[in-house]
Amino acid sequence: MEFSRFTMRPRANTLWILLVGLTCLHSSCVEQIDSSLLTRPRKVVIDGLVTDQQGPYYVKVSYSLDANNPGYPNHSTPEISKPINDAVVILADNIGHVDTLELWQSPSDTTRFQEWSDWGVYYTRHFPQARSGITYYLTVQHQGKSYEASATMPLPPPVIDQVTFKDFQSNYYNSIYKVPSVFFKEPRHQQNYYRFFYRGQNPTPDNGSSYIFNDPENFWPLVYQFYLVFDDQLLKPQVNDLLIPGQDIKFWPPRADINVQIHTITKEAFDYFRVLDEQVKNNGQIFSPVPTSPPTNISNGGLGFFIVASVSQKDVPHPFR
Amino acid sequence: MKYILKPDREYSLYKKFGFLLLWALLMASLPAQSQQQLRYKKIQLQRTNGTIQDFLKDLHQHYQINFSYDEHILPQKTFKLYKKSWKLQDLLQKLGQQAQLKVKYVNGQVILKKWKKVKVSGTIKGQNDNEYLLGATVYVPELNIGSVSDARGRYQLLIPSGNYTSVFSYIGHQSIYQPLKAQENISLDVKLRPQADVLGEVVIRSFRDASIAQLTSDQTDKHILPIENIKQIPTLAGEADVLKSLQRMPGTQNAAVGTTNFSVRGGSYDQNLILLDGIPLYNTGHTAGFFSVINPDIIQSVHFYKGALPAKYGGRLSSVVSIESHDQAPKKLQIRGGVGLISSRLAVEAPLGKKASFIIAGRQGYPSEVVHLLDLHRTTITGSSQDFSGDYFAQFQDLYAKFNFRLNTSNQLSITTFRVQDEFLNRIGGWLHNNKYRWNNLGGAITWNHQYNKQLNSQLRLIYSDINYQDEYNTAFNLTTDQWTSGFQQVGLTLDFDYETSPTSKFNFGISGHRHYFKSAEFKEDITSHTSNLPAKQALEVGLYMDHQLSLGNKWSFRYGLRLSGFYNFGEGVRYVYGPNQQLAHTTQFGSGQVIDRFYGIEPKLSVRYLLNQHSSLRFSYNRSYQYLHQLSNSLVSLPSDVWIPANNNIKPRFADQLTLGHFYRFGQKKQFSLSSEIYYKQTHRTIDYQDNAQLFFNRNVETQLRFGQDKSHGLELMLAKNTGKLTGWIGYTWSKTERQIPGINNDQVFMPSFDRRHNLSLTMSYALGKRWVISSNYSYMSGTRVTLPQGQFVVNNRTYNFYTDRNGYQLPNFHQWDLSLTLKSKKRKKWQGEWIFGVTNVYNQKNPTAVSLTKSVPFHPKISSHSLVKSYLFGWVPSITYNFKF
């Protein structure tokens, strides 16, 4: 073989491979802000729920938390709540009923009702069962300020015809959940805003299973993490198989009953939950719209919401029983 | 007598009007003075104000200087001189220039004659391709007179006879300085050499032409950016970027530096009309706006108007960015390309026979590959390292092609087409919520330039633009994947005429019609598998315009025009009427083709320029513009979910009035410096913003979420540029203030938009180190962005949520950043030419925050979650390396 001594001329191909020598590309994206910028007085947070079910009804009163609330990295517990236990809470309606609520004193069973004392929970003593079409007024007085809210009970939701259990593929956890699926007739003549819940109810308290949630009626929807909010415009007249994603019922003992609830809520409450939901998507980063505080029906700078809801519910046995 | 009587046409005129001969008798009696003595005679004037005749009489009485002239040629107006002591020669030159008189010294006499005007005309061509150059300038510095060539490269100047110099220049070409012996009408054809190759030498000379053009332009606040300059500005990851280079200009602001969105003089991001060969670009950003969709390989020039928008452009309130792509035919096949960290490019340019040529240019972007390759990590507030690469995926492509056909001397046809494609995945909070965006753009234009005669040219343009979006998003709570798709389409026809009645008077007029088609938005809900639709909408936008450029004398130039615009929504569609509380009162159905809404706008425009002297000018402009399309943007950066919607009975068209006053000044020995200063006041009516907690996404009645008010902006813009020499560049400074007041937002109180930065300083310069090295630097210092900050948290259903300050109620720390790049060019070789660009963005690793947000260790769980307020910034220091080649 003969070698000829050509001078090599650069060819296009050889010059395409050029990304070398970059060893020190370093880029960070977040940095903690000086929290002293944000020392402002705390706000009062009021969460109330009145349903058309048998009372008592509950109102939580607490302070807001600081934006900067570190703790976890140092394994110290972050500040989780600042209950207000010295407020005067009054519930009234437009047909003459008034009741001053009483502060819930921590029961002896602190493991189960720990949360109650966390929140500054007040409950009605002598208030009649609420009804559709009646307007309810909530007043909370605290340190010389009065926070007020009112809402009119919406029409009752449709009756739940049937509940089945379906597998639901979670894209996030990449696992299959067993969740309830509901069937009902959607009344087309009225504009409804729905809120769906379900929980495992154990006839006998079972402290061993933290997935069981035995808080009283009318209170648990105030603290339960999983719910689904829907504008009925997205639903068909006959709703079949509407999945309610939430906790996987496989983790509940088969002896538990599954309680499924549909609440109809006001347009204002729907907007409140919608905005809260938006906040999950909106982290205030550059990919997000300008954030704003969630709307509220509580006056005088209070946070939270006074919700009135009509409820339709159905208990079904655990499918694995 | 003999001195003033010439056997020409003037003689009979003199006789006809009974010409006056002064001092004829005195001529003989006075001793002859040597001409030299006369020229340098020291004069102490008695006055600084007066007509020419007053001055001449004084000179005669006090210094016994004899003048010979015809009284008719002396203007009657009063002149003002700035001093009293003069040399005769200087004084007469000054007076002669102002009164358009020619001064001659003959035998101790001074003869004044009217300027004889001669016509200088010819053509300007590119040397390599022999193509006529449209918009090339010819300028006579001594007279401060200039003109611009038309589509056939023709120019014409009327100047007093004499010997001068002329400067011919064109963007991307070397200027020619040519002696001009204009005793008679002359014809002078020139050929300009292209400014080497784009890669080749560093070309800033074209800036000199820009400064001349700027001096004589009657347009306030117009900037011309030669592509060479754009390519020299150091940018993020070494990607040359037109839109980011515009952000270096005074008057433009941006809330998230590093992205392509920009606000001009307080206008929202959607108020800029960005045209590529006349095709409006509705999506300008790749990868959520971090890089612009415009491939630098195809650009010939960029014109950026921010104050007096020319009447031929309509539909936007704040600015026009007109990008013209390459249309110069190469002599032979030419291949250019580059390899960079973010993208690689390749462009092929070649002639097709004698009369046609084409350019095809493509880019493949792989921004996330670099992130993955380098195992880029980000530090969380907890100090632990979090894998960043998994959170982020992005890639893009764009392909561009243009064909030019020179049919004959009076007809030219060009076809432009491009396609842009993007994919972008963004995860928020690691796993909490993610968005996968896909979008693509398709655009095309057919342009036919026709010349009827030497005065009249026309351009007929058919454009097409199409965008499709898709957004897939999941949230952890609902465990679902929802899908949203939409799009937008525009087809338009414009017919534009240039009519030059004389070298000092030029008309531009035409009509345009655009059909906008807002594709139906489709939303697929995972839970119900329910698909819902927002119906498609269509609209027609028309414009009729005329504008007249008129020069009066040497000093004054006027440009006045009017644009009449109209906008029609037509069916099939629904008109929604809302009650006082935004509740739907009633709806009206419209059939196919029926007009639902109609709007009209009258947009007057006026610019005046006054030349103070050879080196400085004053300008004033007033401008009104209308905008019928609105963009609903959901984020700080540009995402495809930023949808465009038409004006309707609930969202009335916006309009803006703007006043600008400017001064332009060239100085330095070689006039290498220029200083431009401008002040403006702008008021935007019916400005739009969302109400608090608006539901924009997939809302049939999105107008209920909008609120309308007013923007008031004013500011001062200064720009000092050095245009020639080894060191070139500019310093821009803007002081500006924008106040927005919208009933229903922020408790009806005035607030500032996020991009409102009070001070903005930018320093951009390049220095040539020998023949092969160029170092470029870029420094910015500006007031911080305004943000809405989480003020605290509260717990709902055992999840934590934020509450916030007033809208944009908090200002982030001031922004400052220094970028640097070093270019090494290969030695001059015949075939292969290469160029390395080494760059560092954010040299001293300044962590400039763009947003403040709360991070939660365990999202929404108050019992175990800690949360911290963190500033996030887009990037620390980013080195880059790019190789460009050409053969």
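Residues numbered from 1 in each chain as written. Chains lettered and ligands numbered in written order. Predicted model: local features only at pLDDT ≥ 70, side-chain atom pairs only at ≥ 80, totals over all residues. Heavy atoms only, no water.

Participant: Describe the confidence of the model for chain A, and please don't skip the residues or the numbers.
Facilitator: Here chain A averages 77 in pLDDT, and 71% of its residues register 70 or above. A low-confidence stretch, residues 1–30 of chain A (pLDDT under 50), is modelled with 54 contacts involving residues beyond four sequence positions or located in other chains. (pLDDT = per-residue confidence, 0-100. Contact = heavy atoms within 4.5 Å.)

Participant: I'd like a rundown of the environment of Ile298 of chain B, residues and numbers included.
Facilitator: All names here are of chain B. With respect to the helices and strands, the residue Ile298 is situated in the loop between strand E22 (291–292) and strand E23 (299–305). Under the relative-accessibility criterion, Ile298 is labelled buried at 2%. Taking the C-alpha atoms as reference points, Ile298 and Ala361, separated by 63 residues in sequence, lie 6.9 Å from one another. Once you skip the residues sitting within four places of it in the chain, Ile298 turns out to touch Leu276, Glu324, Ser325, His326, Ala361 and Tyr400. (Helix = DSSP H or I, 4+ residues; strand = E, 2+ residues; numbered from the N terminus. Buried < 20%, exposed > 50% of the residue type's maximum accessible area, 1.4 Å probe, protein only.)

Participant: Tell me about the pairing of strand E13 (residues 175–185) of chain A, residues and numbers included.
Facilitator: Residues and elements named next belong to chain A. Burial runs high along E13: 8 of the 11 residues are buried. Where E13 meets strand E16 (residues 238–243), 4 bridges bridge the pair, whose relative direction is antiparallel. Across the sheet, Ser181 pairs through a bridge with Leu243, a residue of E16. (Pairing = 2+ DSSP bridges.)

Participant: I'd like to hear about the confidence of the model for chain B, residue by residue, with values.
Facilitator: All names here are of chain B. This prediction gives chain B a mean pLDDT of 79; 81% of its residues lie at or above 70. Summarising per-element confidence for chain B, the mean pLDDT is lowest in strand E28 (residues 377–379) (36) and highest in strand E35 (residues 505–518) (94). Note that pLDDT drops below 50 for residues 373–390; the model gives that stretch 37 contacts with residues more than four away or on any other chain. Among the prediction metrics, the complex's ipTM stands at 0.85, with pTM recorded as 0.70.

Participant: Give me the lowdown on the nonpolar core, citing residues and values where you can.
Facilitator: Of all hydrophobic cores here, the largest spans 54 residues; its most connected members are Val182, Phe184 and Phe196 of chain A together with Phe794 of chain B. Once residues lying within four places of it in the same chain are set aside, the contact partners of Val182 of chain A are Ile160, Gln162, Val163, Phe196, Val239, Asn240, Asp241, Leu242, Ile244 and Val260 of chain A. Within the second largest apolar cluster, 30 residues are counted, among which are Ile274, Leu276, Ile323 and Phe418 of chain B. (Core = buried A, V, L, I, M, F, W, Y, C linked by side-chain atoms within 4.5 Å.)

Participant: Explain the sheet that holds strand E12 (residues 162–169) of chain B residue by residue, including any values.
Facilitator: Residues and elements named next belong to chain B. Judged by pairing direction, the sheet is antiparallel, and its 4 strands sit side by side in the order E10-E9-E12-E13 without closing on themselves. The sheet terminates laterally at strand E10 (145–148) and strand E13 (176–182), the two strands that pair on one side only. For this sheet, the mean inter-axis angle between neighbouring strands, taken without regard to orientation, is 25 degrees. Pairing analysis gives 4 bridges linking strand E9 (residues 137–140) to E10, with the strands arranged antiparallel. Each bridged residue has a counterpart across the sheet, and for Val138 the counterpart in E10 is Ser147. (Axes fitted to C-alpha atoms, helices over the stretch in contact; angles between N-to-C directions.)

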